[in-house]
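An overview of the molecular structure
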Amino acid sequence: MSRALRYTPPLASRDLIVRPRLLDALRSRFERPLTVVVASAGFGKTTLLGQAVSENALSPAGEDRWLTCQRDDTTLSVLASGAFAAVGLTAPVPENPRQAAVAVAEALWSAAPRHIALVLDDVHLVTRGSPAGEFLGHLVEELPRNGHLVLASRPPLPLSISRLVATGHALVLREDDLQFREDEVAAFAESRGVPPELLSDVGGWPALAELTATAGPFAVSGYVWEELLAQLSPERRHVLALLVAVGGADEEIAAALVGRDVDLRSLLDGLPLVVPSRSGWWSLHGLWAAALQHHLDSGQVAEARRTAAAVLRGRGQYQEAMGLLLDAEAWEDVRRLVVEVCECCTALVPTDVLESWLRRLPREVQQSPEGLLLAAMAAQPTSPGAAEELLMQALAGAHGDRDLRYACVNGLVQLAFWRNDRHRMALLLEELPADEHPGASTFVALVRGILARNTDEVRSALADPSLMSRTALNPVHHWLHAQLVLLRLGDTSTGEVLARRALSHPATTMHGLARSLLVESFRLRGRLDEAERLLPYLLADMRPAKVLTSPELVTCAVSLLDVLGRRTEAGELLQTSQSILRGSPVAWAPVAGTLAEVFHALSSGDEQRAAAILRSISSPGGGRNSGTIRVSPVALPLLYVLVPEVRGRWDADPPPGALANLHAGARALVELRERGSAAAAGAVPPSAWPVLRALLPVPWVAELALAIAAAGQDGARALVEDLGPAARTTLRAQAATAPPALAATARSLLRAIPAVPTVRLHLRVLGPLELRRDGGVVAAPELRRERVRQLLGYLLLHDRPTRTAITAELWPDLDDAAAGRNLRVTLTYLQNLLEPDRSELDPPYFLRSAGPVLHLVTDGALEIDVLQFERVLDEAARLEGQGAPSAALPAYLRAVELWGGDLLADVTGASWLEWERDRVRSLFVSSAVRAGNLLLARGDTSTARTLAERALRGDECSEDAHQLLVAVHLADGDLVDAHRALRRCQQMLRDLGVPPQPRTRALAQRLTPRS
């Protein structure tokens, strides 16, 4: 029941005997995909697995991750989210069992070279054939070589493993394996301080041995429980029966059950088959239930479960609470919990959990108003019509129940909101008096804010006193509040606070929408870097089921990708989202898709197509309160610039707060285009420039930056340069078509901002220096000059060095004047080498000078292998951070492919180069080893061996590379070469005088024959 024992094995409350024969078998779990322990209750499965985990922690052969299954793990979202947490994944769980299994397998694979065993206890609680059961089956199929699964279950196991057993890829321990042998009975008797003959009749059953040893010498086989319970006081037996009835407890739940404070450690001390967790949760073995089944009558058991459920409900542990209430058949409590979970538009638990609850309800409860509410919330995302009909039936049967009425009206408002049916929303509010429910006044105020026609009405609605109390708000209320203050009032600071509050709520159903509002709050303040840091999490939120009901996520993500210059990704996301949006029940889904499509077209330079698309969704009035505006802040400038009919209303009632910056930018762009005037652009304050950069398509930002520069604003040139090559495309067009003053400014910027060369250079510095121009090797005499190569290397490795710093390194023995002359001559040689055809009137592109500072431009026109090398490694690290090793592996292999030897291998006499050579060499070795370990975990030993050998040629002292080579030989079954590689590693470590790493010791242990 409790999540306290979810991710760690229970602590042993009594001394345990060591059972080497079983522990040795379990230690081999890191050598095969699947290990299964199948036995009835009382055979010590959990105890044995806990021992195995503890023993492995002392001398690791791999890493263990623990997950205790529970009754609600029959649903995919619950079991998979548990597995995600156990392996360290924070991403949302996919709706598809195979995709969820692949994600867990990828997380295990990403841990390579470490071997990870995911231990699942009580797997019999997972129903065979359920989505959770399918997930387990797929997980077994998808396991990488470094991933291992250990399952403990009562018979029968809920998945088929016969093929794996037949091929030797699965080990199964059964009841006859777990039974005590004669020597183990003797050892156990000694540990309990009882004579071995006392345990002669236990039949090797560990639980019976424990009970008999505790009951003492007067216990007779078959009457062990009676003897044990007879030694307990009536009060103690009663408390134990209560704890058994609710499936274990911590001291808060125990106190609620007993009616006073309880010291569980003292109460349970010395009792067999009782285990605690580190968090203070105590669990009693299932055999206690049989022993105490007659101590409480059915009414007392039901009352105990209701009491424990009330505590769990107060903690927000709704799934555990509902499990107890369903077991107790406490249908009134079940109804109340359904209302609490479903009362705030979006249920506080996943849809498949709602469906599992619904299946466990008897028919009469399913047909009750609360049952209809539950069915409606389960149907809401995919069948809104059916959900509305169910909600109306539930509301009709509410009969004055204020909480139920509130929940039903909330659900109906949600559906009307999705349809953008303002009239229906207003009518529903009339059925919800503000004093009818504690949350009603808050909800009514927020819905009135949604229905408000102008800014003053929004402010009036949000002035309701109930919104001042944070405790009165649930995550949906926080999100609605954040959306109103951000997109209607432009209040970015408050919007951020409210979005973070919604994100902090344990119910994850609103996290995607809350995170998108947080991204927009950053963009509306020009904090593009902070928005970019949230982008991976935003993309992870965009599961099909979430996009279906939250289409604004698409607009947010596509526009942000385009602003960041990641247009290919934006286009792919747009394409995959369109089919989902077409099936969305939400009225603004076409608007969200269209805005994303328009923004992408503008970012790609196709404004004519963008304008045609946008007109298809803009109403003739096009005012501030249209659904288009509420979807995303990018709608404001897009509509203002491309749909002239909307401008009058915007200008007559300017938007407040941070939205004013977008309005000012859009007006300036229109003024520039239609009147050729840069005055409005010049009046845009510099503080607004980052906002425009974060929310406008790049070509529009370039156009505005030109007008700002033409108006004489300092800093506009830097804004243009920050946009990169896209700015030059706009500037060239403006230089040819704009009014004279603007065209002159465009030509000036073009002269000051060097043109991208038509040729492409490729500089190879990993190994001997080599320069290629459009694929052909450059054999210019300047390249043979040692000082030219040194200067090129120095500029490559030092960002914007001063001339003084360069001369001090390259000509340390010359005075300043002589060193300066040498630098000028060498610079000339280098400029001629890089741009031999450049006119003297044109500014250099690759090698630029700003006062005393020199700068080597390393963009797409000059490809440098070491920078490519580091970029692909950065990309690999980013993908690894997202839990996608399959995507990171090609990046690692690309980095290894780029390696041609030490950095600037033919540049001599440069002490400043040695440290950088060591750093880059270390990156190569680590990337080769990482790729090798991933390939080894996937079964590609041939390529893994090649990478290990290359890594050792790069650094023969890399213990990680030695480990990889040993592991490859082991995987191939080549024990001779494995021993040889291990001896080479051990000799290297002795020569260095350092101890071996744990993995080296573990590999040596695997090569040591078992006794």
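From a predicted model like this one, the values you see are computed outputs, not experimental measurements.

With respect to topology, five strands assemble into an open sheet ordered E2-E3-E4-E1-E5, the strand pairing being parallel. Every interior strand has two partners, whereas the edge strands, strand E2 (63–68) and strand E5 (170–173), have only one. Going from strand to strand, the sheet's axes swing by 15° on average, the running direction of each strand aside. Here E2 runs beside strand E3 (residues 116–121); their pairing, made up of six bridges, is parallel. Bridge pairing in E3 links arginine 65 to leucine 118.

Here the UniProt feature "domain: Bacterial transcriptional activator" (unreviewed entry) sits at residues 864–1008. The span residues 864–1008 is 78% helix and 1% strand, and its two end C-alpha atoms sit 47 Å from each other.

Strands in a sheet are paired, the pairing made by backbone hydrogen bonds, and the direction either parallel or antiparallel. Reading across from one edge, E10-E9-E8-E13 is the order of the four strands in this open sheet, with mixed pairing throughout. At either margin of the open sheet sits one strand with a lone partner, and together these are strand E10 (776–777) and strand E13 (862–864). Bridge count between strand E8 (residues 761–764) and E13: three bridges; the pairing is parallel. Among the inter-strand pairings, leucine 761 is bridged to a residue of E13, identified as leucine 862. Relative to E13, helix H48 (residues 865–881) is tilted by about 70°, and along the sheet it contacts E8 and E13.

We now examine unusual backbone geometry. A cis amide bond, omega 15°, links alanine 112 with the succeeding residue proline 113. Relative to the assigned elements, proline 113 resides in the loop between helix H4 (97–110) and E3. Residues proline 155 and proline 156 are joined by a peptide bond in cis, for which omega reads 0°. At histidine 399, a position not held by glycine, the phi torsion is positive, near 50°. By the secondary structure assignment, histidine 399 is in the loop between helix H21 (384–396) and helix H22 (402–419). Of note in this structure, leucine 904 is not a glycine but carries a positive phi near 45°.

On to the nonpolar core. Leu243, Trp288, Leu354, Trp357 and Leu642 are the most contacted members of the largest nonpolar core, which has 217 residues in total. With 11 residues, H22 is the single largest residue contributor to this core. Once you skip the residues sitting within four places of it in the chain, leucine 243 turns out to touch Gly248, Ala249, Ala254, Leu257, Leu264, Leu267, Leu268 and Leu284. Ranked by size, the runner-up nonpolar core spans 83 residues in total, among them Val857, Ala888, Leu898 and Leu913.

Within this structure, the stated rule accounts for 49 salt bridges. Here arginine 306 makes a salt bridge to aspartate 333, at a shortest N to O gap of 2.5 Å. Linking arginine 306 in helix H15 (residues 298–314) with aspartate 333 in helix H17 (residues 331–342), this pair joins segments that are 27 residues apart in sequence. When its relative accessible area of 11% is taken as the criterion, aspartate 333 is described as buried. For glutamate 770, the salt bridge goes to arginine 772, with nearest N and O atoms at 3.0 Å. Looking at glutamate 770, the relative accessible area reads 22%, which means it is partly exposed.

A separate point is the pairing of E3. Across the six residues that make up E3, a large majority, six, are buried. Here E3 shows two buried faces, one formed by Ile116, Leu118 and Leu120 and the other by Ala117, Val119 and Asp121. Bridge analysis of E3 against strand E4 (residues 147–153) gives five bridges, and the strand direction is parallel. In the strand pairing of E4, valine 119 is matched with valine 150.

Tracing the backbone through its elements, the reader meets threonine 730 in helix H43 (residues 725–737). Assessed through its relative accessible area of 10%, threonine 730 is described here as buried.

This part takes up the packing of helix H28 (residues 511–523) against helix H31 (residues 552–563). Where H28 contacts H31, the two axes come as close as 10 Å, and the packing angle between them is 40°. Of the possible angle classes, the one that applies to H28 and H31 is oblique. Helix-helix and strand crossings are classified by hand; for H28 and H31 the assignment is left-handed. Residue-level inspection shows Gly512, Leu513, Ser516, Val519, Glu520 and Arg523 of H28 in contact with H31, the latter providing Glu552, Leu553, Cys556, Ser559, Leu560 and Val563.

Another point: the environment of leucine 49. Summarising the element assignment, leucine 49 is placed in helix H2 (residues 45–58). A relative accessible area of 3% means that leucine 49 is categorised as buried. Along the primary structure leucine 49 and arginine 419 are separated by 370 residues, whereas in three dimensions their C-alpha atoms are 53 Å apart. Setting aside anything within four residues of it in sequence, one finds leucine 49 in contact with Leu26, Val37, Trp66, Val119, Asp121, Val150 and Ala152.

Thresholds, definitions, all that
Residues numbered from 1 in each chain as written. Predicted model: local features only at pLDDT ≥ 70, side-chain atom pairs only at ≥ 80, totals over all residues. Heavy atoms only, no water. Pairing = 2+ DSSP bridges. Helix = DSSP H or I, 4+ residues; strand = E, 2+ residues; numbered from the N terminus. Axes fitted to C-alpha atoms, helices over the stretch in contact; angles between N-to-C directions. UniProt positions renumbered as here; feature names shortened; annotations may be inferred. Contact = heavy atoms within 4.5 Å. Core = buried A, V, L, I, M, F, W, Y, C linked by side-chain atoms within 4.5 Å. Buried < 20%, exposed > 50% of the residue type's maximum accessible area, 1.4 Å probe, protein only. Salt bridge = Lys/Arg side-chain N within 4 Å of Asp/Glu carboxyl O. Parallel < 35°, antiparallel > 145°, perpendicular 65-115°, else oblique. Left-handed = near helix turned anticlockwise from the far one by under 90°.

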